[in-house]
Amino acid sequence: MKKIIKVKNVEIGEGLPKICVPIVGETVSQLVEEANFLKDLDFDVVEWRVDFFEDVTNIDKVKEALQQIRTILSDKPIVFTFRSAKEGGEKEIGIEAYVKLNKIIAETKLVEIIDVELFNDEKVVKELIEAAHKSGVAVIVSNHDFDKTPAKEEIISRLRKAQELGGDIPKIAVMPTSTEDVLTLLDATRIMNEEYADCPIITMSMAGKGVISRVSGELFGSAVTFGAAKKASAPGQVSVIDLRNTLKLLHNNM
């Protein structure tokens, strides 16, 4: 039986795919504006893409901004994500700074989930997972390929590796160059979910071609989908309103 990851009142891996909305403000005032805008939207989880934040190298300022986000969105689970430039993020920081930032934020217990990139050194991934779990924080172990869609076997292998390292939610996002690439991602998701996963997984095919992967998670096995509120954090994100309506439409007719 697969684990269900419960964060606040949200059960990831149970029922409809959960909708995660990114906030990407560069300043505290922009983040506050985004968080207030989200209050009236129908979504499940918020992801703070801290790599957009201008003061990301100042941990005290990161914590201050996070406290404001938490105050405004008090009932929503928060995913804390520093996405590296090599995986499509806005900035690059050294590995020591990356580890320190994630550890300290997990210790604040102001977030429910941190995102750790799979293609870090294996020791770093394990260290961050252990530190997060000590603070009662779950971990998404993620991989993003903005250039291509790997072979089906490789997608499954990466998801399995994320699970074996102790990740609570393995995640992969890939870029399609053809319709066949989208089918590759969807079938890899199905195989991982049916044959190997003991926890929720997140998969998506990006850009316009991959939109079907963002709404079909209930059928193929992806437990979370990412929707756009004010500004998308990745190509192909659908508006939260359209996403919720489509998820309900598919669910009601399955």
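From a predicted model like this one, the values you see are computed outputs, not experimental measurements. (Residues numbered from 1 in each chain as written. Predicted model: local features only at pLDDT ≥ 70, side-chain atom pairs only at ≥ 80, totals over all residues. Heavy atoms only, no water.)

**Digging into the state of the cysteines**
1) Next: Considering all chains together, one arrives at zero disulfides under this definition.
2) Next: Of all cysteine sulfurs, the one in Cys199 lies closest to Cys20, which takes part in no disulfide; the gap is 17 Å. (Disulfide = S-S within 2.5 Å.)

**Some words on the pattern of salt bridges**
1) Next: Summed over the entire model, instances satisfying the criterion amount to 16 salt bridges.
2) Next: For Arg190, the salt bridge goes to Asp187, with nearest N and O atoms at 2.7 Å. With Arg190 and Asp187 both in helix α6 (residues 179-196) and three residues apart, the pair spans about one turn of that helix.
3) Next: Linking Arg190 and Glu194 is a salt bridge whose minimum nitrogen-to-oxygen distance equals 3.1 Å. Of this pair, Arg190 and Glu194 both sit in helix α6, four residues apart, which is roughly one turn of the helix.
4) Next: Judged by its relative accessible area of 29%, Arg190 is partly exposed.
5) Next: For Glu194, a relative accessible area of 54% translates into the label exposed. (Salt bridge = Lys/Arg side-chain N within 4 Å of Asp/Glu carboxyl O. Helix = DSSP H or I, 4+ residues; strand = E, 2+ residues; numbered from the N terminus. Buried < 20%, exposed > 50% of the residue type's maximum accessible area, 1.4 Å probe, protein only.)

**Topic: the packing of aromatic side chains**
1) Next: Counted by the stated rule, this structure contains three aromatic pairs.
2) Next: Each ring, one from Trp48 and one from Phe53, has its centre 5.6 Å from the other, and the planes form 65°; the classification is edge-to-face.
3) Next: Judged by relative accessible area, Phe53 falls into the buried class, the value being 1%.
4) Next: Taking 6.3 Å as the distance between ring centres and 75° as the angle between the ring planes, the aromatic pair formed by Phe82 and Tyr98 counts as edge-to-face. Of this pair, Phe82 sits in the loop between β5 (78-81) and α3 (95-108) while Tyr98 sits in helix α3, and the two are 16 residues apart along the sequence.
5) Next: A residue is classified by how much of its surface remains accessible, and Phe82, at 0% relative accessible area, is buried.
6) Next: Seen from the ring of Phe43, Lys76 lies directly overhead, with NZ or CZ sitting 4.6 Å from the centre.
7) Next: Stacked on the ring of Tyr196, the Lys or Arg Arg160 has its end atom at 3.9 Å from the ring centre. (Phe/Tyr/Trp six-rings, centres within 6.5 Å; stacked < 30°, edge-to-face > 60°. Lys NZ or Arg CZ within 6 Å of the ring centre and 35° of its normal.)

**Describing the UniProt feature "active site" (unreviewed entry) in the chain**
1) Next: Sequence positions flagged by UniProt for "active site" (unreviewed entry) are, in local numbering, His144 and Lys171. Separation in sequence by 28 residues is not matched in space for these annotated residues, since their most distant C-alpha atoms are only 8.4 Å apart.
2) Next: Leaving out residues up to four positions away in the same chain, His144 has contacts with Arg83, Glu87, Lys171 and Ala173.
3) Next: Within the structure, His144 has its side chain in polar contact with the side chain of Arg83 (distance 3.4 Å).
4) Next: Positionally, Lys171 belongs in strand β8 (residues 169-174). (UniProt positions renumbered as here; feature names shortened; annotations may be inferred. Contact = heavy atoms within 4.5 Å. Polar contact = N/O pair within 3.5 Å; in protein donor to acceptor, adjacent residues only side chain to side chain.)

**Description of the layout of surface pockets**
1) Next: A volume near 250 Å³ is recorded for the largest pocket.
2) Next: The class makeup of the residues in the lining of the largest pocket is eight nonpolar, six polar and five charged. (1 Å grid on protein atoms, 1.4 Å probe; cavity = no way out; pocket = protein on both sides within 12 Å on 5 of 7 lines; lining within 4 Å. Points joined across faces, edges and corners; volume = space filled by probe spheres on them. Nonpolar A, V, L, I, M, F, W, Y, C, P; charged D, E, K, R; others polar.)

**Considerations on the side chain of Thr189**
1) Next: Turning to its location among the elements, Thr189 is positioned in helix α6.
2) Next: Not counting residues up to four positions away in its chain, the partners in contact with Thr189 are Ile201, Thr203, Phe220, Gly221 and Ser222.

**Notes on the packing of helix α2 (residues 59-72) against α3**
1) Next: As a packed pair, α2 and α3 sit with axes 11 Å apart at the nearest point and diverge in direction by 40°. In terms of axis orientation, α2 runs oblique to α3. For the crossing formed where α2 meets α3, the hand is right-handed. Counted together, Ile59, Val62, Lys63 and Leu66 of α2 and Lys100, Leu101, Ile104, Ile105 and Thr108 of α3 form the full contact between these two elements. (Axes fitted to C-alpha atoms, helices over the stretch in contact; angles between N-to-C directions. Parallel < 35°, antiparallel > 145°, perpendicular 65-115°, else oblique. Left-handed = near helix turned anticlockwise from the far one by under 90°.)

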